[in-house]
Amino acid sequence: MSTAETRETRPRRTPGLVPVSETLRTTSRPAPSDTADPAPAGTTAPAGTADAAGTTASAGTADAAGTTAPAGTADAVGTTAAAGTADATGSTGSTGSAIYAASAGGGRAPETAGVAEGGRAREAAGVAEGDRAPGAAGTVGSADVIDLAGPPPVRRFGSFWRLLGSELGLTFRRPRNLVMLAVLASVPVILGVALRLVTDDMDASGRGGGMGGLVASVAGNSLMLAFASLSFLVVLLMPVAVSVVAGDAIAGEAGGGTLRYLLAAPAGRTRLLTVKYLNAVVFSFAIAAVVALSALVTGLALFPVGPVTLLSGTTVSVADGLLRVLISVGYVGAGMAALAAVALALSTFTEVPIGAIAGTVVLVIVAQVLRAVPQLEAINPYLLPTWLTRFDGALRDPVDLGAMRDGLLAFGAYILLFGSVAWARFTGKDITS
Amino acid sequence: MTSVMLDAGAPFGAAPPSARPAIVTRGLTKRFRGGQVAVDALDLSVPRGAVYGFLGPNGSGKTTTIRMLLGLVAPTSGEHELLGLPLGEALPRVGALVEGPAFYPYLSGEANLRRFDAADPAAPRATVRRRVAEALDRVGLTAAAAKRYRTYSLGMRQRLAIAAALLGPRELLILDEPTNGLDPQGTREVRSLVKEIAAGGTTVFVSSHLLAEVEQMCTHAAVMRAGRLVAQGSMASLGGGQVPRVRVRTPDTADALRVLRSLGLADVRADGPEPGDGVSAELGGVAPERVNAALVGEGVAVRGFAVERPSLEDVFVRLTGEGFDVDG
């Protein structure tokens, strides 16, 4: 049995976390047979009895322990039963189980009894999922029996991470995104090979003095290809990739119609938006890491390994150099996460994903153009691209923390602002797609 | 005694959630930007265990109502409640099919169901494999589980959407036009699936613009017209004003008329001027077999004998004063 399954059989919540109103509702819930035929004894009784046994057992344990008791019988009912007050333990625990036994057996528990006892007992029933007992699954009948044991909890522990996992799986398995990652990974290779050829050419012709700073430093040290690749890609190609994922996040689901089913599931709007953003953040860091990794591997293959000469002229060890690559990846990832917030905000305004994607890319390009106009220098600090290349602070000795800190603050401000816009829009939006 | 505390703040009375109707709306209204009123002061009440037909031509506000019920669209005014619970608590117990299937084309049918199951915070991860397999089996898609959604036919897509609505134990199913795009065979399958689900105690709320479909599946119905509720109730109560007629095909028109009158039937009349056109009468409380026995006993040659109940369409024509435009 895997870890996840093991966890599943434990009680889902502690009684202390269950609001009283919910507790009462749980307790007072009669068998849903009031609308259908009472459960026919022939099919449902055996399973129902097993259910009831599970509940009784747990209540009994609760009686003794006074806290929570996992149920561990055939049906593996995740039931927790505990007394609200110490003196009520015995009676309420057993009454609750009697009600469950009655309803699970196909009879109808008097509702008033459930409510009256529920007023004192703090009892919460976890959901009964019949399939943990091998062979119990399969028929409609068994599903109905499961339902008799109590309503499912509104929210399971770990459900948020499950949705995030689903989202990540979708993102990192989607062919389009894989192609983007492959393209990003190939750029450092192309860059490295090209620089190598140029260097060889120059060596052969004996003209070494004309090399530019970047080319010279890459040719001189394998780690420099990582910095060169990041600074090259952070300008446009990485923003495009992030825009595709984040701009598609809401608009893509809306356009495909899947958004209405996700929200009816119910994924929850704030929850879904958070998952979508975290997914885009993971993708942001992933592309920065992929570029750096590809550049490191290429660099190691093509250029000499050794102490790294930084932009400020000092030379540091390879380990120190690798650490600085890592810092750069983190910084670029954070910058891309800020851009993802912009794309996500745009994504909540349209049902056409390409609109949100193109909109974000256009914003990036416009910002670059504005930066190029000297007269508009004053607005530079407010433009995201201004800060994206500031990871070169990691190439100074000592590391230029000031510039990077300002950059991270700018990213934080972007995330806060556009995250709020996205949230305000998405939580108040009519989903008509 | 605790019921007051229990339901503090609940908008729909003091009954415990399980005793309240599966769906209640009060004055539910949606006015879209531009002033168009899609749904106008809707008061629905769907009893537990019912198969509730939600009828109306296309554009009459059915889908907007369903979107409001599921929390996708915010009402302009009015309120609604599912299963007597706050929406967030109710939705995990509700399976929904809204305006046709929508899935990820690059995922398999199975992967699609897993995706939507992951979005449900109440669905247990440990059981997802079994629940997905069961749902696929119920709609007959097991063989196509591993195929990409892109390759599915329209009927398969519709069935996958129904499978998605059946991923967990549901107390309420909301199906918006579930037979849209299905061939007659698929339509029959959906109909029998709905009946099977309802037999398990699940309340089914099914919208349709097809009268015959609702007539065959539903225990209750409501009729929408231009955003307003025209009628709602059990099928019996909707048809209550109309009594079944007995129709007899016979060459002995005069004798048949005499026998029917002697049985005390109302509105006895010949259905046409020719001798073979037959006669008909309102059946009232008389058992049809008695009518037939009396006819035969009096020597009337009975060539055809039928009890005709008024179709839903007749009822709606009477209720709305006009024909039901099924093509909207």
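For clarity, every value in this text was computed on a predicted model and none was experimentally measured.

(A) Here's a closer look at the overall build of chain B. Along its length, chain B carries 12 helices and 14 strands. Nonlocal contacts in chain B, meaning residues at least 24 apart in sequence, comprise 66% of its contacts between residues at least 6 apart. Accessible surface, chain B: about 13,200 Å² in total, of which carbon and sulfur atoms supply 51%.

(B) Fine view of the confidence of the model for chain B. Residues and elements named next belong to chain B. On average, residues of chain B score 86 in pLDDT, and 91% of them reach the 70 mark or higher. The weakest mean pLDDT in chain B belongs to helix H1 (residues 3-6) at 37; the strongest belongs to helix H4 (residues 109-119) at 96. Throughout residues 1-10 the model reports pLDDT below 50, and contacts reaching past four residues in sequence, or to other chains, amount to 17 contacts.

(C) Highlighting helix H11 (residues 237-256) of chain A. Residues and elements named next belong to chain A. Taken as a whole, H11 carries its principal kink of about 55° at Ala-249. The buried fraction of H11 is high, at 15 of 20 residues. Looking one or two residues past H11, Gly-257 carries a phi angle of roughly 85°, positive in sign.

(D) Focus on a nonpolar patch on the surface. Residue and element names in this part refer to chain A. A cluster of nonpolar side chains, Val-235, Leu-236, Ile-365 and Val-369, forms an exposed patch at the surface whose accessible area comes to about 300 Å². Turning to its location among the elements, Val-235 is positioned in the loop between helix H10 (224-233) and H11. When its relative accessible area of 35% is taken as the criterion, Val-235 is described as partly exposed.

(E) Spatial organisation of the packing of H4 of chain B against helix H6 (residues 154-165) of chain B. All names here are of chain B. Remark: H4 packs on H6, axes separated minimally by 10 Å, with the N-to-C direction vectors making an angle of 35°. Two packed elements cross with a definite hand, and for H4 against H6 that hand is right-handed. The residues of H6 that touch H4, namely those facing Gly-109, Asn-112 and Leu-113, are Leu-160, Ala-163 and Ala-164. In the contact of H4 with H6, the residues fall into four nonpolar, two polar and no charged.

(F) Representation of unusual backbone geometry within the structure. Going from Ala-265 of chain A to Pro-266 of chain A, the amide bond is cis rather than trans, its omega being 5°. By the element assignment, Pro-266 of chain A lies in the loop between helix H12 (258-264) and helix H13 (269-302). Of note in this structure, Ala-41 of chain B is not a glycine but carries a positive phi near 50°. Inspection of the secondary structure puts Ala-41 of chain B in strand E2 (residues 37-42). Since its relative accessible area comes to 37%, Ala-41 of chain B is described here as partly exposed. Residue Glu-99 of chain B is not a glycine yet carries a positive backbone phi of 50°. For Glu-99 of chain B, the position within the fold is in the loop between strand E6 (94-97) and H4.

(G) Fine view of the packing of H11 of chain A against H13 of chain A. Residue and element names in this part refer to chain A. As a packed pair, H11 and H13 sit with axes 10 Å apart at the nearest point and diverge in direction by 160°. As summarised for this structure, H11 and H13 are arranged roughly antiparallel, according to the angle between their axes. Viewed along their axes, H11 and H13 form a crossing whose handedness is right-handed. Packed against H11, whose contacting residues are Met-238, Ala-241, Val-242, Val-245, Ala-246, Ala-249, Ile-250 and Glu-253, the element H13 presents Leu-273, Lys-276, Asn-279, Ala-280, Phe-283, Ser-284, Ile-287, Ala-288 and Val-291 at the interface. Looking at the contact of H11 with H13 residue by residue, the classes come out as 13 nonpolar, two polar and two charged.

(H) Structural detail: helix H15 (residues 353-372) of chain A. Spanning 20 residues, H15 of chain A covers 29 Å between terminal C-alpha atoms, matching the ideal 28 Å at 1.5 Å per step. Residues of H15 of chain A that are buried in the fold lie against H11, helix H14 (318-347) and helix H16 (384-388) of chain A.

(I) Focus on the pattern of salt bridges. Residue and element names in this part refer to chain B. Scanning all chains against the criterion turns up 28 salt bridges over all chains. In this structure, the salt-bridge partner of Arg-130 is Glu-134, at a minimum N-O distance of 2.7 Å. With Arg-130 and Glu-134 both in helix H5 (residues 128-138) and four residues apart, the pair spans about one turn of that helix. Residue classification places Arg-130 among the buried residues on the basis of a relative accessible area of 17%. Linking Arg-247 and Asp-271 is a salt bridge whose minimum nitrogen-to-oxygen distance equals 2.6 Å.

(J) Region of the structure containing the pairing of strand E11 (residues 245-249) of chain B. Residues and elements named next belong to chain B. Taken together, the four bridges between E11 and strand E13 (residues 279-282) define a ladder with antiparallel strand orientation. If you follow Val-248 over to E13, its bridge partner there is Val-279. Bridge analysis of E11 against strand E14 (residues 304-308) gives five bridges, and the strand direction is antiparallel. When the sheet's bridge partners are listed, Arg-247 is paired in E14 with Ala-306.

(K) Structural detail: the sheet that holds E13 of chain B. Residue and element names in this part refer to chain B. Ordered in space as E12-E13-E11-E14, the four strands form an open sheet in which the pairing is antiparallel. Single-partner strands in this sheet number two, and they are strand E12 (266-270) and E14. Strand-to-strand twist of the sheet, defined as the mean angle between neighbouring strand axes without regard to direction, takes the value 15°. Each of E12 and E13 touches helix H10 (residues 253-262); the most contacted strand, E12, lies at about 175° to it. Each of E11 and E14 touches helix H11 (residues 288-297); the most contacted strand, E14, lies at about 155° to it.

(L) Just the pairing of E2 of chain B, in detail. All names here are of chain B. Relative to E2, strand E1 (residues 23-31) runs antiparallel, the two being bridged by three bridges. Residue Arg-31 lies in a different strand from E2, and its bridge partner there is Val-37. Hairpin geometry of E1 and E2 is characterised by an intervening segment of five residues between the two adjacent antiparallel strands and by a positive phi of about 105° at Gly-34.

(M) Up close: the sheet that holds strand E4 (residues 51-55) of chain B. Residues and elements named next belong to chain B. If you trace the six strands from one edge of the open sheet to the other, you get E6-E7-E8-E4-E9-E10, paired in mixed fashion. Pairing within the sheet leaves two strands with one partner each, and these edge strands are E6 and strand E10 (228-234). Neighbour to neighbour, the strand axes of the sheet diverge by 10° on average, direction disregarded. Lying on the sheet, helix H2 (residues 62-69) is in contact with E4, strand E7 (172-176), strand E8 (203-208) and strand E9 (220-225); it crosses E8 at an angle near 145°.

(N) Examining the environment of Asn-279 of chain A more closely. All names here are of chain A. Here Asn-279 is to be found in helix H13. Separated by 110 residues in sequence, Asn-279 and Gly-169 have C-alpha atoms that sit 9.6 Å apart. Residues contacting Asn-279, with those up to four places away along its chain left out, are Leu-164, Glu-167, Leu-168, Thr-171 and Val-245.

(O) Up close: the packing of aromatic side chains. All names here are of chain B. Taken as a whole and judged by the stated rule, the model has 13 aromatic pairs over all chains. Look at Phe-103 and Phe-116: their rings are 5.6 Å apart centre to centre, the planes differ by 80°, and that puts the pair in the edge-to-face class. One end of the pair, Phe-103, is in the loop between E6 and H4; the other, Phe-116, is in helix H4, and 13 residues separate them in sequence. The pair formed by Phe-103 and Phe-116 is uniform in burial state, with each residue classed as buried.

What counts and what doesn't
Residues numbered from 1 in each chain as written. Chains lettered and ligands numbered in written order. Predicted model: local features only at pLDDT ≥ 70, side-chain atom pairs only at ≥ 80, totals over all residues. Heavy atoms only, no water. Helix = DSSP H or I, 4+ residues; strand = E, 2+ residues; numbered from the N terminus. Contact = heavy atoms within 4.5 Å. Areas by Shrake-Rupley, 256 points an atom, 1.4 Å probe, with all protein chains shown as cover. pLDDT = per-residue confidence, 0-100. Bend = angle between axes of the 7 residues up to and from the residue. Buried < 20%, exposed > 50% of the residue type's maximum accessible area, 1.4 Å probe, protein only. Patch = residues over 30% accessible without salt bridge, like charges linked within 9 Å, V, L, I, M, F, W, Y side chains within 5 Å. Salt bridge = Lys/Arg side-chain N within 4 Å of Asp/Glu carboxyl O. Axes fitted to C-alpha atoms, helices over the stretch in contact; angles between N-to-C directions. Left-handed = near helix turned anticlockwise from the far one by under 90°. Nonpolar A, V, L, I, M, F, W, Y, C, P; charged D, E, K, R; others polar. Parallel < 35°, antiparallel > 145°, perpendicular 65-115°, else oblique. Expected span 1.5 Å × (residues − 1). Pairing = 2+ DSSP bridges. Phe/Tyr/Trp six-rings, centres within 6.5 Å; stacked < 30°, edge-to-face > 60°.

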